[in-house]
Every structure is written in C-alpha cells, then in structure tokens.
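Take a look at the letters that make up each chain.
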Amino acid sequence: MDRRHFLKTVGSVALFTIVPRHVLGRGYTAPSDQLTKGIIGTGGMGRAHAPYDGTRLVAVCDVDDKHLELGKQLVKERIAAYHDFRDLIRDPNVDIVHIATPPHWHGVMSVEAAKAGKDIWCEKPMTRTIGEGRRVMEAVKQHGRVFRLNTWFRFQDPFYGLGTPVRPLKKLVQSGMLGWPLKVTVSMHTGFDWKFYWVGKEHLEPQTVPAELDYDFWLGPAPYKPYNAHRVHQTFRGYWDYDSGGLGDMGQHYIDPVQYILGKDDTSPVKVEVDAPQQHPDAVGTWRSITYTYDDGCQIILWGGDYGNPDTPYIAGPKGNVYKNFVCDIPDWERRLAAYPDPEPQVTSFLESVRTRRPFALNERNGFRSATIVNMGAIALRLNRTLHFDPERLEFIGDEAANRLIDQPMRAPWAI
C-alpha cells in the first residue's frame, strides 16, 4: 500500500469512530460514551445487578475465590480480578464502583471510593450504622462524587405487593386530600414480605474455613467470631455484626418510599417503639412491630410476619385512607386528584447523574435518612426499649447505650 492510500484508509477509520450514534443505528453505544465499572462482591447480588446500560464491566473483586471466578465470567473478554477491594478502587480504568458486599463493609468501601475519586453504586442498606452513613454522606460531598443507593421504588416500578407505583401515592398525599398527620402501615397485609425469618442461629459451632474463602478479610471491620458457614454468604443477614435480618435487608426498599411520600427526606423520626422478644446479642430474632413517630405526629408502623390487622389501610389520614392497589375511600377522589400538580421530576438515570453531576433520585442524603430509620429500629430491637431521637444532632436523647450503637468500633486496622 502506498503512503497516500494508507493515510486515506487510516483517516476513514478515524472518522468512523466519531460518527454520530444515530448513523450507526439504534442501540449502538460508542466506546467513548461508555462508563466503566468495577464490582466489589460477586456473590448473588453482585452478579444479578452487574448489567446496566451504558456501562462496561472492567473489574471484579471478591475474597471468595469461587465467587471471584463467577464474577470473571460475567463478560466474555478478560477483565481485572482483585482480592483486595482497595486495588479495584485504585484501578484507573474504573469510573464507577459498585458495592455489593454485606452491609458491614458498605461504609468503609463507600468512603474509600469517594476519596479515590470514584462514583458509587451501593446496595441497600446504605450502611449498617447511623454513624457510618453520616461519614459516607460527608465523604461524597467533600470529594464531589455521585452516589446511588440501589433501591428504586421511590421512582419506578410498583412495590412488590402493594400494586401501585409511588408517584400517584405521592401526588395524593401532597394534594392534602387525606389530611394530616398520616399513618403508614407496612406489613404483609399491605403487600410487603419482610423475609421475616431471615434470622440468626444461636451458639454456632466453629467450623473449618473453606480453602477458597479469606474469612478474616470477609469479616474486615466486624468483630472476630469463629467461622461457621451460617455467618457468611446470604445467611450473614441473621447476625447483628453484619446486618439486621429482614429489617436490614428489605427495610430500605419499603421505608425509603415512605420518606419520599411523606416529604421527610431531610429529617428523621423523633421516637421509635418496638414490640419484640429480647434479642440475642449475636443472632437477629423476630419482632412483632416497630413504630416510628415524627415530630408532627406522622407515623410509620412496621408489622412483622403475619401480625397486624389485614383490614388496616396502607396510608390512613383524618380525611381518607388508601389501600392496596391504590384504592382510596374518598368520594370522587380520582377526578379531584387530576386537578392537582404532579410531583417534581427526579433524575432516575444513574448514568445521567454521573455525566451531568446532578444528584440521583436516591442519593447519599435522602438515602442516609431512610437508612437511619432502619438503623434506629435495629438499635431499639437490640436494646428492647423505646428510644427518642434528635434528627438534627443525629443522636438519641438520654440513652448512652443507644448512642454507643450509632458509632460502633471497628476491628483494627479498619476505620473510617
């Protein structure tokens, strides 16, 4: 090939790489338009949530070699595979860090990712403690990162069993037609399965650690406890050191939309009451109800298992009630509601948030508030008593034991 022909050919190739997307056909995404991501924790949750449009998976990390191998198989091409999450966070090829580990790691990893200049997609609950959530919120702001918490009911899809998306509920509440204050009841009767019996086992017998698992690294900041298979991989949710049972696993799915519906994204309840048996210090147990009260009288009531009255409305107000499948008992409510404005739009594409630097619909600030409700309930369950909370100071009033559970010590060398 002569020089002129060579330059003409190379120029054509170069031009082709910047041809507008519409010329190449619907669905085509140029490599330069793709954001890259790395997943920390390639168990069931990490692999299930691996694909999302507009991103390319370039790195995976896990302390279980079997899980790591499964993570490498998520894409056909060869990708980076790490044992230590800090190596993935430092990888210059990674734009977004997806954290799909047990919750006792969420705080440390989110803060480290923010410090490294990465944007963050974190599974729920946001953090295992209130104090860790506050540190994440501060780090994301300080380092100018974009944060997404992976629960989506406030902005898309019908609830698991309620039979309606959140948007019409939000419109009805902000219209004032139901009156004020409101009481929201979350139970299996209103469509919510808490995974109620995801509880721990007492008096676990020590077992031999499998060769493929770095158990000490899996524990990380959590207190050392002898290995037992029930402590790790899915069933970890039944132990206070790592999560808080069905409340921790499903609570933010169910509670976060309520915060949004009630317009409480910038505050927290002032009281939490529990009706539950005394909890084991290690293993999470069951509970009958958890009741949260805001300073204006609004309440969120969580019923565990099949407790509660099946005839209780999802939202109860002094002027009307809302039941499953968006059934309201206010006369002529649908026609009247049509005259009210719709809720303000939200940024519901994480990739749009990353590119524009606009906050995602569920971000580190409102996500922190709904995670705080979950963690308030967990603390009240562990102490088995009513607690009073200051939403501004983010501490319990007159209860030293409860405040010690806001910032729980981490096992060296881990810290935030």
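Residues numbered from 1 in each chain as written. Predicted model: local features only at pLDDT ≥ 70, side-chain atom pairs only at ≥ 80, totals over all residues. Heavy atoms only, no water.

Asks: Looking at this structure, how should I read the sheet that holds strand 6 (residues 147–150)?
Replies: Sheet strands associate in pairs through backbone hydrogen bonding, adopting either a parallel or an antiparallel arrangement. Across the sheet, six strands lie side by side as 3-2-1-4-5-6; this open sheet has parallel pairing. With one partner strand each, in any of the chains shown, strand 3 (80–82) and strand 6 form the two edges of the open sheet. Here the strands of the sheet are splayed against their neighbours by 25° on average, with no regard to which way each runs. (Pairing = 2+ DSSP bridges. Helix = DSSP H or I, 4+ residues; strand = E, 2+ residues; numbered from the N terminus. Axes fitted to C-alpha atoms, helices over the stretch in contact; angles between N-to-C directions.)

Asks: Is there a simple way to think about the sheet that holds strand 8 (residues 271–275) in this case?
Replies: Taken in spatial order, the nine strands make up an open sheet running 13-12-11-7-10-9-8-14-15, and their pairing is mixed. Two strands lie at the open edges of the sheet, namely strand 13 (327–328) and strand 15 (395–396), each paired on one side alone. Of the pairings in the sheet, the one linking strand 14 (residues 387–390) to strand 15 comprises two bridges and is antiparallel in character. Bridging from a neighbouring strand, Asp 390 pairs with Glu 395 of strand 15. Those strands touched by helix 10 (residues 245–262) are strand 7 (183–186), strand 9 (289–293), strand 10 (299–303) and strand 11 (315–316), and its axis lies near 155° from that of strand 10. (Contact = heavy atoms within 4.5 Å.)

Asks: Help me understand empty space enclosed by the protein in this model?
Replies: Empty space among the atoms becomes visible once a probe the size of a water molecule is rolled across them. Per the stated rule, a full pass over the model turns up two cavities of 30 Å³ or more. Around the largest cavity, the lining residues are Arg 128, Thr 129, Ile 130, Trp 240, Asp 243, Ser 244, Asn 375, Ala 378, Ile 379, Arg 382, Leu 405 and Gln 408. Sorting elements by how many residues they give to the lining of the largest cavity places helix 13 (residues 364–383) first, with four residues. The residue inventory of the lining of the largest cavity, partitioned by class, reads five nonpolar, four polar and three charged. (1 Å grid on protein atoms, 1.4 Å probe; cavity = no way out; pocket = protein on both sides within 12 Å on 5 of 7 lines; lining within 4 Å. Points joined across faces, edges and corners; volume = space filled by probe spheres on them. Nonpolar A, V, L, I, M, F, W, Y, C, P; charged D, E, K, R; others polar.)

Asks: Sorry if this is basic, but what is going on with the pattern of salt bridges here?
Replies: Opposite charge on two side chains makes pairing possible when the charged atoms of those side chains draw close. For the structure shown, the criterion picks out 27 salt bridges. Note that Arg 335 and Asp 332 form a salt bridge whose closest N and O atoms lie 2.5 Å from each other. Residue Arg 335 is classed as exposed on the basis of its relative accessible area of 57%. Residue classification places Asp 332 among the partly exposed positions, given a relative accessible area of 42%. Where salt bridges share partners, they join Lys 124, Lys 195, Arg 237 and Asp 249 into one cluster. (Salt bridge = Lys/Arg side-chain N within 4 Å of Asp/Glu carboxyl O. Buried < 20%, exposed > 50% of the residue type's maximum accessible area, 1.4 Å probe, protein only.)

Asks: Looking at this structure, how should I read unusual backbone geometry?
Replies: Outside of glycine, negative phi angles account for most residues, and trans bonds account for most peptide bonds. Here the bond from Trp 180 into Pro 181 is cis, since omega is 5°, no more than 30 degrees from zero. Of note, Pro 181 is situated in the loop between helix 8 (166–175) and strand 7. Here Ala 412 and Pro 413 are connected by a cis peptide whose omega angle stands at 5°. By the secondary structure assignment, Pro 413 is in the segment after helix 14 (400–404). Residues other than glycine seldom take positive phi values, yet His 233 does so here, at roughly 50°. Mapped onto the secondary structure, His 233 falls in the loop between helix 9 (215–219) and helix 10. In this structure His 233 comes out as partly exposed when scored by relative accessible area, which is 29%. Residues other than glycine seldom take positive phi values, yet Arg 357 does so here, at roughly 65°.

Asks: Sorry, what's going on with helix 4 (residues 65–72) here?
Replies: Looking at helix 4, one finds that the buried residues are His 67, Leu 68 and Gly 71. Summarising the axial view, the buried residues of helix 4 lie within an arc of 100°, below the 170-degree limit, and thus occupy one face. Those residues of helix 4 hidden inside the fold are in contact with helix 3 (44–48), strand 2 (55–61) and strand 3. Residue Asp 64 occupies the N-cap position of helix 4, its side-chain oxygen lying 2.8 Å from the main-chain nitrogen of Lys 66. (Arc of directions from axis to C-beta. Polar contact = N/O pair within 3.5 Å; in protein donor to acceptor, adjacent residues only side chain to side chain.)

Asks: So what exactly am I meant to see when it comes to the packing of helix 8 against helix 10 here?
Replies: Between two packed helices, the angle of one axis relative to the other and the distance separating the axes together describe the packing. Orientation of helix 8 relative to helix 10, taken along the N-to-C sense of each, is 35°, at an axis distance of 8 Å. At the point where helix 8 passes helix 10, the crossing takes the right-handed sense. Two secondary-structure elements touch here, helix 8 through Val 166, Leu 169, Lys 170 and Val 173 and helix 10 through Pro 257, Tyr 260 and Ile 261. Split by residue class, the contact of helix 8 with helix 10 holds six nonpolar, no polar and one charged. (Left-handed = near helix turned anticlockwise from the far one by under 90°.)

Asks: Teacher, can you tell me more about the pairing of strand 1 (residues 35–40) here?
Replies: As a general feature of sheets, a regular strand has side chains that alternate between the two faces. The buried fraction of strand 1 is high, at six of six residues. Of the two faces of strand 1, the one holding Leu 35, Lys 37 and Ile 39 and the one holding Thr 36, Gly 38 and Ile 40 are both buried throughout. By the bridge criterion, six bridges tie strand 1 to strand 2 in an arrangement that is parallel. Bridge pairing in strand 2 links Ile 39 to Val 60. Relative to strand 4 (residues 96–99), strand 1 runs parallel, the two being bridged by four bridges. Bridge pairing in strand 4 links Ile 40 to Ile 99.

Asks: Help me understand the environment of Phe 196, please; the structure alone is not making it clear to me.
Replies: Tracing the backbone through its elements, the reader meets Phe 196 in the loop between strand 7 and helix 9. A relative accessible area of 10% places Phe 196 in the buried class. C-alpha separation for the pair Phe 196 and Asp 249, spaced 53 residues apart in sequence, amounts to 9.9 Å. When residues no more than four places from it in sequence are discounted, the contact partners of Phe 196 are Thr 286, Trp 287, Gly 304, Gly 305 and Tyr 307.

Asks: Sorry, what's going on with the layout of surface pockets here?
Replies: Space inside the largest pocket adds up to approximately 540 Å³. The wall of the largest pocket is formed by 34 residues, among which Gly 43, Ala 100, Thr 101, Pro 102 and Phe 236 lie closest to the centre. Counting residues per element, the ones that place at least two in the lining of the largest pocket are helix 3, helix 4, helix 6 (106–115) and helix 9. A breakdown of the residues in the lining of the largest pocket according to their chemical character gives 15 nonpolar, 11 polar and eight charged. The volume enclosed by the second largest pocket comes to roughly 280 Å³. As for the second largest pocket, its lining consists of 16 residues, of which Pro 51, Tyr 52, Trp 121, Arg 148 and Asn 150 are closest to the centre. Looking at the lining of the second largest pocket, its residues break down into eight nonpolar, five polar and three charged.

Geometry only, nothing functional implied.
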